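The chain contents come next:
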Amino acid sequence: MSSRNLIQIKQFCLYHEIENTFITELHNYGLIEIIVFEEDEYFQPEQLPAVEKMIRLHYDLKINLEGLDVIANLLSKIEALQQNLTTTQNKLRLYEQHQID
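About the cut-offs
- Residues numbered from 1 in each chain as written.
- Predicted model: local features only at pLDDT ≥ 70, side-chain atom pairs only at ≥ 80, totals over all residues.
- Heavy atoms only, no water.
- Helix = DSSP H or I, 4+ residues; strand = E, 2+ residues; numbered from the N terminus.
- Rg over C-alpha atoms; globule rule 2.2 N^0.38 Å.
- Buried < 20%, exposed > 50% of the residue type's maximum accessible area, 1.4 Å probe, protein only.
- Pairing = 2+ DSSP bridges.
- Phe/Tyr/Trp six-rings, centres within 6.5 Å; stacked < 30°, edge-to-face > 60°.
- Salt bridge = Lys/Arg side-chain N within 4 Å of Asp/Glu carboxyl O.

**Some remarks on the overall build of the chain**
Helix and strand counts for the chain stand at four helices and three strands. The N-to-C order of helical and strand elements in the chain reads β-α-α-β-β-α-α. Against the 2.2 N^0.38 benchmark of 13 Å for 101 residues, the chain shows a C-alpha radius of gyration of 19 Å, more extended than a compact globule. In terms of overall dimensions, the chain has a C-alpha envelope of 65 × 35 × 20 Å along the principal axes. Within the chain, buried positions represent 25% of all 101 residues.

**What about the sheet that holds strand β3 (residues 40–43)?**
If you walk across this open sheet you meet the three strands as β1-β3-β2, and the pairing is antiparallel. The open sheet has two edge strands with one neighbour each: β1 (7–8) and β2 (35–37). Bridge analysis of β1 against β3 gives two bridges, and the strand direction is antiparallel. Considered in β3, the bridge of Gln8 is made with Tyr42.

**As for the packing of aromatic side chains**
Applying the stated criterion across every chain, the model contains three aromatic pairs. Seen in terms of ring centroids, Phe12 and Phe43 are 5.2 Å apart; in terms of plane orientation they differ by 90°. Their pairing is edge-to-face. A residue pair is termed long-range when its members are at least 10 positions apart, and Phe12 in helix α1 (residues 9–16) and Phe43 in strand β3 qualify at 31 residues. Side by side, Phe12 and Phe43 carry an identical accessibility label, which is buried.

**Notes on the pattern of salt bridges**
When the charged atoms of two side chains with opposite charge come close together, those side chains can pair. Counted by the stated rule, this structure contains one salt bridge. The partner of Asp40 in a salt bridge is Lys10, with the nearest N and O atoms 3.2 Å apart. Within this pair, whereas Asp40 is found in strand β3, its partner Lys10 is found in helix α1, the two being separated by 30 residues in sequence.

Listed below in structure tokens is the structure:
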């Protein structure tokens, strides 16, 4: 495994001026996945938007970790519902096309 495509947590926290423990707590709540490689901790770049969103919610809006957990779960459910709605709408359009023909 290479760390080339991973985001080092120490550097990320320095850049955002936050404590490393915040990222550890996000991991403890199951909100992000931490990868340990050569004694350093990293996370996947795909997690970056979610991590930055949680930083803003926590530090700017003063939402605690329990609240972040609830928000993340609700956003995940909303995304799944939106995907389900899109699939259903596509099936309906296909059905309507067959009715017209």
